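What follows is the residue order along each chain.
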Amino acid sequence: MIEPFLRTIGISKSFPGVQALKNVSIEAFPGEVLCIVGINGAGKTTLMNILGGIVKSDEGEIYIEGIPVEISNPLDAEKYGIAFVHQEMGLFPTMSIVDNMCISSFPNKLGIIDYKLAEERCESVLKRLGCDFHPRTKIHDLSPGDQQIVEIARALLGERRLIIFDEPTSSLSSREKTCLFEVLTLLKKEGISIIFITHLLHEIFEVGDRLIAFRNGEVVGGEMIKNITYKDVIALMIGTEETRSFFGCRTPKVVGDLILEVENLSRRGVLYNINFTLHKGEVLGLWGLLGSGRTELERALVGLDPIDKGTIKINHNGILKTIRHRDAKKWFGIITENRRKDGLLLPMSVKTNISLADLRKLISRVWPLIDTKLETELSKKLVNRLDIKITSIEQQVATLSGGNQQKVILARWLLSNPPIYIMDEPTRGLSVEAKSEVDRIIGELAESGAAILVISSDIDELINLSSRYLVMRRGRIVAEFQAEASKSDLMAAAAGGNHE
Amino acid sequence: MVRKKERLANVSITKNDKVKVFGQARNLIVTRRVADMRVVRYLPFIVVIAILIILGLTVPHFLTISNIINILVQASPLGLMAIGISVVLIGGGIDLSIPSLMALGGVFGAIFMKNGGNPVLAGLIMLAVCTLGGCVNGFAVGYLKMVPFIVTFSMMTVAMGASLWVTKAVSVGGLPQIFIDTVLAKIWGIPVIVIVLIFITAVATLLMRNSLYGRWLYAVGINVEASRVSGIPIARLIFLTYVISGVFAGLATIITTARLGAGAATIGREGVVLDVVSSAVVGGVSINGGVGSALGAGIGAIIITLINNIMNMMHLSYYITLVAKGFIIIAVVTLSSFHKK
């Protein structure tokens, strides 16, 4: 039997409140493409961070070619010949290929870069990958696919034995993807081990040799790819016992009037011909894997990002009319993905944060000033209604826990009372208790007649909340399901498959 | 469905208990932080009082009413400009062009009066020139999304160059006495300028705290993205901040021109930009946006004026005062950045 290049035995890692990895043992052989699959939060990224020396494992051993090693920082990883190709491109767009590839290891004499040598090195690596870019070409003159090649070339500079690809195809066109897969085959022939992490399952069948599935921080299965089917992979990822809703089955409700109709919404390179409708009293779950265009759809719909074409129609007093895109914000209550970055005014008080979106209506009748009494009164009401834990409404929002911060944003929108809510990851980073409270509020909102579009990476949560689902992949809506859809239906549609 | 509700009830009970414990610990930290905030916020007031006490004890006739009024008169153009720039700073921008716009406005108004123009009209011209400059700044920054530093720096150069060019660097004197007398008039012994300054400071402070645009201003300064999501008209708001700072430059030029009895390009020289920015910063307005008040900026202007006076009395050269004031800004900014950590 061949000696594995990399072997991990019993790796465990926990973060406060989460056991990210439990007793993980994997092997990667030379000349093999090992695919790692698992839904978000399954532990793939943590394992890669341990191999890259970015985080330290709590327990477990790593062997390289049978010798136990310790990888405590990224330089160690480099020393053992482990390289990464990341999903997000870490290139400097205004600099040349040679600058990008050698940025951390310029050959130099007394601090003066020996460009001739550097270019020679780059050219030889690029040739190996079958490319003939001039090393002086600027990165921003390359297509995304070619940029990815440069990223791989950077990883290959120096002696490399194991290359880890973290979702390398998410920004590539299908032609560029084929090209990337050719490169993978090439690397494989050279005897390099490859670990390939992806969400898009059909890619596994195109390039993979062996598969390991992660679920909740554990390895739940490993199999040669030629021996398994698409369905097996999904079953491994989500588990066989289909745990249905935490709260019991959500009864499909009598849905109210049509409130929103989106037609042919497009944004070049991001969204393609999005069509869907939304009704009063409905929670529509938008499901898709990372990079599928969920957040982009949210931002384009509410007018935070521009659109190239498409119409948005809103039912106002019984009449369905097309609205101007720049007026769209008036109709939506928006909960963004990152409440600290684009949701809250952190140094300001709870009161100020709650009233922010509705100040126009709080202007006093006597002065052109804000009626602070009314403001205080309304804020207090909402604080009580949503059970926000604070000492006073003057408390700084920065000092609140995540759950209470999220409730402050909810309170903001409850105050201005828009007909439609768009919520992107409304419970990200919240404790279990806070999560269920926010989910309860969302449910109540829908019962009171609001139309809600929810985006969540947590499939269990999405299934709890939604009464209908849209599934996105690569900027398109690829499927629609009713309330009775199962997790595997959603996963299959989002990952894309050979049964389409 | 019933089970769901029961479950939620249980969850929220346990949550309350937990939060209480954490809440107490957190509140302690909060109170301490709030106390720190107060010290920084009231720093300008403390500094003014300290300086006043020291001067009162050491300089004869310092704490007389006439001297205090005199200082307020001296501080008033700077105070108006400081309020103007604090509006821009709180919104997250910067306006370097205020003093040179002031110079340009003053020069135009003075030339107009020298050629027999109506003094009231001349005052309006001064206001109009400065406001127009502010509009250009505001349009470029707010709607064209250009970098405030570059836009207002260019505007500073343009306005300064224009006022030197028009006057050939010679001040334009011979203004009608009625203009000077009106601006410098006194009611019950108190100069109108001082009354106007106090009134404007009060109104500006109130409007910034509690008007629609005032509240939006702070929100945009603290977090543009959150403001955009909340539906605040950001471009219009930013545009208005520069217009307002132009208007305040216009008010300042009316006072300065009357006090000098002439329109002069030199009233906008580089040291004035420094004074305006330091007034705002010393008065607790954050360079990073979102923090500060008009009252603070006004008091900052008084502090800077006092510092200028003291250095004058100590017979230090103009150049040394520039060095000293530069260090004061750095000190205040350093202090507030320590506070942030």
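Reading the values: rules and limits
Residues numbered from 1 in each chain as written. Chains lettered and ligands numbered in written order. Predicted model: local features only at pLDDT ≥ 70, side-chain atom pairs only at ≥ 80, totals over all residues. Helix = DSSP H or I, 4+ residues; strand = E, 2+ residues; numbered from the N terminus. Buried ≥ 20, exposed ≤ 12 C-beta atoms within 10 Å, placed from the backbone. Contact = placed C-beta atoms within 7 Å. Axes fitted to C-alpha atoms, helices over the stretch in contact; angles between N-to-C directions. Parallel < 35°, antiparallel > 145°, perpendicular 65-115°, else oblique. Left-handed = near helix turned anticlockwise from the far one by under 90°. Expected span 1.5 Å × (residues − 1). Domains from an automatic or database assignment. Nonpolar A, V, L, I, M, F, W, Y, C, P; charged D, E, K, R; others polar. Core = buried A, V, L, I, M, F, W, Y, C linked by C-beta atoms within 7 Å. Pairing = 2+ DSSP bridges. pLDDT = per-residue confidence, 0-100.

**Some details on the overall build of chain B**
Working step 1: When helices and strands are tallied, chain B shows 13 helices and two strands.
Working step 2: Within the span of chain B, comprising 341 residues, buried residues form 45% of the whole.
Working step 3: For chain B, the share of sequence-separated contacts (at least 6 apart) that also reach a separation of at least 24 residues comes to 79%.

**Regarding the packing of helix 3 (residues 98-114) of chain B against helix 5 (residues 148-167) of chain B**
Residues and elements named next belong to chain B.
Working step 1: Look at helix 3 against helix 5: their axes get within 8 Å of each other, and the N-to-C directions meet at 30 degrees. One way to sum up the angle between helix 3 and helix 5 is to call them roughly parallel. In the packing of helix 3 onto helix 5, the handedness of the crossing is left-handed. On helix 5, the residues that touch Ser100, Leu101, Ala103, Leu104 and Val107 of helix 3 are Met156, Ala159, Met160, Ala162, Ser163, Val166 and Thr167.

**Concerning helix 5 (residues 144-156) of chain A**
Residues and elements named next belong to chain A.
Working step 1: Its 13 residues place the ends of helix 5 18 Å apart at the C-alpha level, agreeing with the 18 Å of an ideal helix rising 1.5 Å per residue.
Working step 2: In terms of residue burial, helix 5 counts as a mostly covered element, since 10 of its 13 residues are buried.
Working step 3: For helix 5, the complete set of buried residues consists of Gln147, Gln148, Ile149, Val150, Glu151, Ile152, Ala153, Arg154, Ala155 and Leu156.
Working step 4: On its buried side, helix 5 packs onto strand 6 (82-85), helix 3 (97-102), helix 4 (115-128), strand 9 (162-166) and helix 6 (174-189).

**Digging into the domain arrangement of chain A**
Residues and elements named next belong to chain A.
Working step 1: With domains assigned, chain A is organised as domain 1 (6-238) and domain 2 (258-495).
Working step 2: The C-alpha-based centres of domain 1 and domain 2 are spaced at 36 Å.
Working step 3: Each side of the interface is counted separately: domain 1 has nine residues, and domain 2 has 10 residues.
Working step 4: Per-element accounting of the side of domain 1 that touches domain 2 gives the leading share, three residues, to helix 8 (residues 230-238).
Working step 5: Considering only residue class, the side of domain 1 that touches domain 2 consists of six nonpolar, three polar and no charged.

**Considerations on the nonpolar core**
Working step 1: The biggest cluster of nonpolar side chains holds 235 residues, and the ones touching the most others in it are Ile163, Ile194, Ile195, Ala411 and Ile452 of chain A together with Met81 and Val276 of chain B.
Working step 2: Here the element with the most residues in this core is helix 10 (residues 234-260) of chain B; it accounts for 14 residues.
Working step 3: Counting contributing residues, this core receives three or more from each of domain 1 (6-238) and domain 2 (258-495) of chain A.
Working step 4: Sequence-distant contacts of Val276 of chain B, that is, excluding residues within four places in its chain, are made with Leu78, Met81, Ala82, Ile85, Ile98 and Pro99 of chain B.

**Concerning the sheet that holds strand 22 (residues 476-482) of chain A**
Residue and element names in this part refer to chain A.
Working step 1: Taking strand neighbours across the sheet as the criterion, the six strands line up as 18-19-20-15-21-22 in an open arrangement whose pairing is mixed. Since the sheet does not close on itself, it has two edges, and those belong to strand 18 (332-335) and strand 22, each with one partner. Averaged over all pairs of adjacent strands, the angle between strand axes in this sheet comes to 20 degrees, irrespective of strand direction.
Working step 2: As defined by bridge partners, strand 19 (residues 420-424) adjoins strand 20 (residues 451-455) across five bridges and the pair is classed as parallel. Residue pairing across strands places Ile420 opposite Ala451, the latter belonging to strand 20.
Working step 3: Across the face of the sheet, helix 16 (residues 487-495) comes into contact with strand 15 (283-288), strand 21 (468-473) and strand 22 while running at roughly 25 degrees to strand 21.

**So, the environment of Arg121 of chain A**
Working step 1: With respect to the secondary-structure elements, Arg121 of chain A resides in helix 4.
Working step 2: The spacing of Arg121 of chain A and Val98 of chain A is 23 residues in sequence and 8.9 Å in space, taken between C-alpha atoms.

**Here's the deal with the confidence of the model for chain B**
Residue and element names in this part refer to chain B.
Working step 1: Considering every residue of chain B, the mean pLDDT works out to 83; 85% of them sit at 70 or more.
Working step 2: Taken as a whole, residues 1-35 scores under 50 in pLDDT and shows 18 contacts with residues more than four places along the chain or in a different chain.
Working step 3: Scored as a whole, the predicted complex attains pTM 0.75, and scored at its interfaces, ipTM 0.73.

**Digging into the sheet that holds strand 14 (residues 271-279) of chain A**
Residue and element names in this part refer to chain A.
Working step 1: The strand order 14-13-16-17 describes an open sheet built from four strands, whose pairing is antiparallel. If you trace the sheet from one side to the other, it starts and ends with strand 14 and strand 17 (319-323), each paired once. Between one strand axis and the next, the sheet turns by 15 degrees as a mean value, whatever way the strands run.
Working step 2: Where strand 16 (residues 309-316) lies against strand 17, five bridges are found, and the strand directions are antiparallel. Counterpart to Asn315 in the pairing with strand 17 is Leu320.

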